[in-house]
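An overview of the molecular structure
Residue strings, one per chain:
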Amino acid sequence: LFGGQSYRLDGDNNLYPRGSGLDRRESDWVAELNADYQGRYMLNYKTQLDQQTLSSERHEFDAYADWDRLILGGALPLCARVSRDGYR
């Protein structure tokens, strides 16, 4: 389990697009949860929450399964808002 937020000390040099979660001095909150069973089954969930309102900005889900002869894996972005100005 991981969670955190970054803080940019230099507020004048912002190279990130509006809505990316890094466009303000304090970034959005991010979290990641990993689950693994015997190296054969894996689940991974990532989320991004707005730093002010904690509203949902992005969700990602990854999964992997190994059944000896058949190996399945994939990723699915569950929610991402995109506009002309950036990632919103």
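Scroll up a little and you will see the structure.
Now for a description of the structure that goes with this document.

The rules behind these values
- In this convention, every chain numbers its residues from 1, walking through the sequence in written order.
- Local features in this predicted model are restricted to residues whose pLDDT is 70 or higher, and side-chain atom pairs enter the listing and the counts only when it is 80 or higher, whereas totals over whole chains, interfaces and linings include all residues.
- As a rule here, side-chain values come from all non-hydrogen atoms in the structure, and water together with hydrogens is ignored.
- Secondary structure elements are defined from DSSP: runs of H or I of at least 4 residues count as helices, runs of E of at least 2 residues count as strands, and each element is numbered from the N terminus.
- Note on exposure labels: buried denotes an accessible area under 20% of the residue type's maximum, exposed denotes more than 50%, and partly exposed covers the range between, all computed with a 1.4 Å probe on protein chains only.
- Strand pairing is assigned whenever DSSP identifies at least 2 bridges connecting the two strands.

1. A short note on unusual backbone geometry
- Non-glycine residue Gln38 carries a positive phi angle of around 55°.
- Tracing the sequence through the fold places Gln38 in the loop between strand E2 (29-37) and strand E3 (41-49).
- Using a relative accessible area of 61% as the deciding quantity, one classes Gln38 as exposed.
- Phi is positive for Leu54, close to 60°, though the residue is something other than glycine.
- Structurally, the position occupied by Leu54 is in the loop between E3 and strand E4 (56-67).

2. Focus: the pairing of E3
- Pairing analysis gives nine bridges linking E2 to E3, with the strands arranged antiparallel. Bridge pairing links Asp36 to Met42 in E3.
- Hairpin connection of E2 to E3: three residues between the antiparallel strands, including Gln38 at a positive phi of 55°.
- Bridge count for E3 against E4 is nine bridges, and the pairing is antiparallel. Note that in E4 the partner of Gln48 across the bridge is Arg58.
- Where E3 folds back onto E4 in an antiparallel hairpin, the turn is made up of six residues, including Leu54, whose phi is positive at roughly 60°.

3. Some words on the environment of Leu43
- With respect to the helices and strands, the residue Leu43 is situated in strand E3.
- Overall, the relative accessible area of 43% leaves Leu43 in the partly exposed class.
- In sequence terms Leu43 and Gly73 are 30 residues apart; their C-alpha atoms lie 9.8 Å from each other.

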